[in-house]
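# Summary of the model geometry
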Amino acid sequence: MNWHRLNIAELFDLLGTSQQGLTSSMAEEKLVETGPNELQEGKKKSIIAILLSQFKDVMILILLAAAIVSGIIGDLTDTIVILVIVILNAFIGFFQEYRAEKAMLALKKMAATQASIIRDGNKIQISAAGLVPGDIVLLEAGNAVPADVRIIESINLRIEEAALTGESHAIEKIIHPLKSDDLPLGDKRNMAFKGTFVAYGRGTGVVTATGMQTELGRIAKMLQEDVTLTPLQQRMASFGKKLSVLVLFLCVLFFVAGWLRNEDVGKLVLTSISLAVAAIPEALPAVITISLALAAKRMIRFNSLIRKLPAVETLGSVTYICTDKTGTLTKNKMYVENIFINGRLYERKDLPEIKDQEEIMLLLQAFALNNDAIESADTTIRGDSTEVALLEVAREQNVQTGKWPRMAELAFDAERKLMTTFHSHEDKIISFTKGAPDILLLQCKNADQPAILKQVDDMAAKGHRVLGFAYRYWDSLPETPDSEIHEAGLQFLGLTGIIDPPREEVFEAVAQCKSAGIVPVMITGDHPLTAKTIAQRIGILNNEKDLVITGQQLSALNNENFLNQVEKIKVYARVSPEQKLQIVKMLQRKGHYVAMTGDGVNDAPSLKRANIGIAMGITGTDVAKEAAHMILLDDNFSTIVKAVREGRRIYDNILKFIKYLMTTNAGEILTLLLGPLLGLPIALLPIHILWINLVSDGLPAISLSFERAEKNIMTRPPRPPQQSVFANGRGLHMIWVGILMAGIALSAQSWAIRNDLHWQTIVFNVLCLSQMGHVLAIRSETQSFFSIGMFSNKPLIGAVLIALLLQFVITYTPFLQPIFQTEALTLNEFLLVGAASSLVFFAVEIEKILSRRRK
């Protein structure tokens, strides 16, 4: 319903109400019909459902199957170890998801708890939950608006709507109908919306919508949409499915081959389980979770608080950053940039040089005196954001107002668009008038109207909010100031251009985004001219092909046309929350990974839907923070660039330890498969494989997450979202190094058997120590281990030493030998193990030398 188009009589008629409000009986009937004025939560997941959902992952299911079969055949050690890993992983995921369910609770807190209304002709206070359409609501400064209302009385009423619309200043409310049908929220100046706040003045409104029918309710519905999977979750799901097929194939192949050779069925089942355990990187889910948690802890130092762990690596895949303007790219604080006086335009920095001129001093006095902002004892200025900006300039120039007491005033109203104050100074009465320049100029007798209006247009075209100032001396103080008399015959003083300016650090941040192949896009509820100006200044718009589009223009596009243009549009202005969500979805349909930044309630649905939602920690609403994956503690856009760098670094390192773990597993599988085919006994027991996959793999893999960033990390494009973990030669590396490991292990096994040595312990140690050489060699994709510095990743060196020590302990400690089926090696055997294992390290180093030469 277009309530903003109706006059008051039509409004009363449609809603069955009047100036006296609803009767109690009518209100009760309507409450039964519409329900309470509360936000309803969607179908909530129970705690049990959240916990059980953690076991849906393919790799987790494979691990559970392996644990069950191990238990059935009596290998309880393997079963217990695998179950501990699975349960630990599930609880970490559970706590992350449980916290994410709080977004709706924060939204509900924004609703006012009490409302002042008129019912049965009497003013009463009721719970806001009891409001119904047709109730007459009284609004005063400091009130939260309790429902969506159509304004029917406005006494200088201004409402702060930044959280809902993105407007950076309080909106002056009017009572007359508006003609246009399809107006954005920010332009519906005769409406007030649930969850916004009265900044100034007072007024009266008729409730038009309550609960989930309000604009805040529509946002609540959008917050209930399903969330998207992160790049890593998608890649690991794909990886898990492929791995499950491989595991089943290998187990069946091995079992059938052994059965055809009439081998013992019990032994075949045990070995098939060993193969399954060898193929699955049991440590991988835990290693990824722990490394993400370590990265999240590290990112707090960069003022980035990670709410949902997968967000850490998602940053590394982001191709678009859709950022809100107000409070994110800009300071969310109005600032006087320009002053036009005596036919000349001055910048703020010029004022100290010219402030001694009489008219400029008079203009600065007008800034301070025609102003209702209040300066507290601690010099903090409070009030309307525009008036605060004017008073700050006056204070900056040491303007003294003590000898200019205010004697009378004509308060601002939205119809006149003017405000006048009268002051006594040196036995004279002077009035200062400020307001909309086009209205003010009609009341000035000395103004070159065409020239000044051209200047107004020029300033407005640069995104400034332009205010005009005038003055007049009077013989005596008027007893009852009258606008028609006392706002006429004025002397024009000047103009001022006010804007919410960009943050200083944003310029470099936007440039770094572009050099990293990330496209920054501005999405705002603010005016298109203002949005375009800021976007041009900071470099989001820098060529003619970049488009600026408004919410109305976007509504006129069908989905196909929008999909074709979405990659060309760099600025969206005056858009609704639904349109913000649509923008994110369209970019995702184009195959992009989208980061969305914002601080308002209007940003919450798109923050939740985006691949990574980034909320502002200082100015951000609780709703935005709860919906987001990550919070910027300093509200600084440039912090995102640091976070992207960290995200890329951690994803690079995740790829390194996937490469590391899967290479080891390939070596184990090939050792188990090829040994019997070559006439050798089965080389490893299930307990050996679990030890390799959890302890020998686990500690070094976690330590890889501390590896420093590659040199080109912020000059290369983002990794393609569809790129497999096996891309860029990683899959080939896993195969050839796995073959090399298996070849070394089987050669050692064959030689040891021929020489009647401790062959199984030798194979076990060769594989473990080969891993240590491998992990040291893959610290960098291209650089040599020696050039990046042996101790540049101290945790990794420590993890390798601990793994070697533990390997030594289980090999030589008598009471552990029966558990791990090991035997003490002689010095010669141990030297053989060390020499054979080092071959992997040198082979990978040679691979990197050849790779560098090719490039």
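Notes on the structure follow. (Residues numbered from 1 in each chain as written. Predicted model: local features only at pLDDT ≥ 70, side-chain atom pairs only at ≥ 80, totals over all residues. Heavy atoms only, no water.)

### Considering the overall build of the chain
Our working rule: A run of H or I in DSSP becomes a helix once it reaches four residues, and a run of E becomes a strand once it reaches two; helices and strands are each numbered from the N terminus. Residue burial is assigned from relative accessible area. The probe radius is 1.4 Å, only protein chains are included, and a residue is buried under 20% of its type maximum, exposed over 50%, and partly exposed in between. In this analysis, two residues are considered to be in contact whenever any of their non-hydrogen atoms come within 4.5 Å of each other. Computed with a 1.4 Å probe, the accessible areas rest on the Shrake-Rupley method; for each residue, only the protein chains presented here act as cover. In this tally, Asp and Glu contribute negative charge and Lys and Arg positive charge; neither His nor the terminal groups of the chain are included. Every charge is mapped onto a representative atom, which is NZ of Lys, CZ of Arg, CG of Asp or CD of Glu.
Summing up its helical and strand segments, the chain has 34 helices and 24 strands in all. The principal-axis extents of the C-alpha atoms in the chain amount to approximately 120 × 70 × 50 Å. Here the chain holds 855 residues, and the buried ones make up 57% of them. Counting only contacts in the chain whose residues sit at least 6 apart along the sequence, the fraction spanning at least 24 positions is 72%. Summed over its atoms, the accessible surface of the chain is roughly 35900 Å², and 58% of this surface lies on carbon and sulfur atoms. Once the 86 positive and 88 negative side-chain charges of the chain are each reduced to a mean point, those two points are 7 Å apart.

### Overview of the environment of Lys-188
Summarising the element assignment, Lys-188 is placed in the loop between β5 (171–172) and β6 (191–192). Look at Lys-188 and you get buried, because its relative accessible area is 15%. Apart from the residues within four sequence positions on either side, Lys-188 is in contact with His-4, Lys-173, Leu-178, Leu-183 and Phe-193.

### Here's the deal with the sheet that holds strand β16 (residues 428–435)
Two orientations exist for strands paired in a sheet by backbone hydrogen bonds: parallel and antiparallel. So the rule is basically this: Strands pair, by our definition, only if DSSP identifies at least two bridges between them. Interaxial angles span 0 to 180 degrees and are taken between N-to-C directions of axes, which are lines fitted to C-alpha atoms, for helices over the stretch in contact.
Read across the sheet, seven strands follow the order β11-β10-β18-β17-β16-β15-β14 without closing on themselves; strand pairing throughout is antiparallel. Only two strands of the sheet have a single partner each, and these edge strands are β11 (344–347) and β14 (406–410). Sheet twist, expressed as the average angle between the axes of neighbouring strands with direction ignored, equals 25 degrees. Helix α15 (residues 358–369) contacts β10 (335–341), β14, β15 (418–425), β16, β17 (465–474) and β18 (491–499) of the sheet and is inclined by roughly 60 degrees relative to β18.

### Quick word on helix α32 (residues 794–812)
Basically, it comes down to this: Helices are assigned an expected span. That span is 1.5 Å times one less than the residue count. Working definition: the arc comes from the directions between the helix axis and the C-beta atoms, pointing outward to the latter.
The end-to-end C-alpha distance of α32 is 27 Å, a good match for the 27 Å that 19 residues give at a rise of 1.5 Å each. All of the buried residues along α32 are Leu-796, Ile-797, Ala-799, Val-800, Ala-803, Gln-807, Ile-810 and Thr-811. All buried residues of α32 project into a common sector of 160 degrees when viewed along the axis, lining one side. Those residues of α32 that are exposed and angled more than 90 degrees off the buried face are Lys-794, Leu-801 and Leu-805.

### A look at the packing of helix α29 (residues 730–754) against helix α30 (residues 759–777)
Heads up, the rule is: Oblique is the label for any angle not covered by the other classes, which are roughly parallel (under 35 degrees), roughly antiparallel (over 145) and roughly perpendicular (65 to 115). In this scheme the handedness of a crossing depends on how the near helix is turned from the far one: anticlockwise by less than a right angle means left-handed, clockwise means right-handed.
Here α29 crosses α30 at 150 degrees, and the two axes come no closer than 9 Å. Between α29 and α30, the crossing angle belongs to the class labelled roughly antiparallel. The interaxial crossing formed by α29 with α30 has right-handed handedness. The segment α29 lies against α30, with His-733, Val-737, Met-741, Ile-744, Ala-745, Ala-748, Gln-749, Ala-752 and Ile-753 engaging Trp-759, Ile-762, Val-763, Val-766, Leu-767, Ser-770, Gln-771 and His-774.

### What about the sheet that holds strand β23 (residues 612–616)?
As summarised here, the arrangement of the eight strands in space is β8-β24-β23-β22-β9-β19-β21-β20, forming an open sheet in which the pairing is mixed. The open sheet terminates on both sides in strands that have one partner only, identified here as β8 (304–306) and β20 (547–550). Between one strand axis and the next, the sheet turns through 20 degrees on average, direction left out of account. In terms of strand pairing, strand β22 (residues 594–598) meets β23 through four bridges, oriented parallel. Bridge pairing in β23 links Met-596 to Gly-613. The strands that helix α21 (residues 528–538) touches are β19 (519–523), β20 and β21 (569–573); relative to β21, the one it contacts most, it runs at about 145 degrees.

### Description of the environment of Ala-615
Residue placement: Ala-615 occurs in strand β23. A relative accessible area of 0% means that Ala-615 is categorised as buried. Measuring from C-alpha to C-alpha, the distance between Ala-615 and Gly-130 comes to 32 Å, with 485 residues separating the pair along the chain.

### Quick notes on the pattern of salt bridges
Counted only if it meets this: Salt bridges, as used here, are contacts in which a Lys or Arg side-chain nitrogen is within 4 Å of a carboxyl oxygen on Asp or Glu.
Evaluated as defined, the whole model comprises 30 salt bridges. The salt bridge involving Glu-215 is made with Arg-218; its shortest N-O contact spans 2.8 Å. You can see Glu-215 and its partner Arg-218 sitting in helix α8 (residues 215–223), three residues apart, about one turn around the helix. When its relative accessible area of 33% is taken as the criterion, Arg-218 is described as partly exposed. Across the pair Asp-372 and Arg-406 runs a salt bridge, and its minimum N-O distance is 3.0 Å. A residue pair is termed long-range when its members are at least 10 positions apart, and Asp-372 in the loop between α15 and β12 (374–375) and Arg-406 in strand β14 qualify at 34 residues. The exposure class assigned to Asp-372 is partly exposed, which follows from its relative accessible area of 24%.

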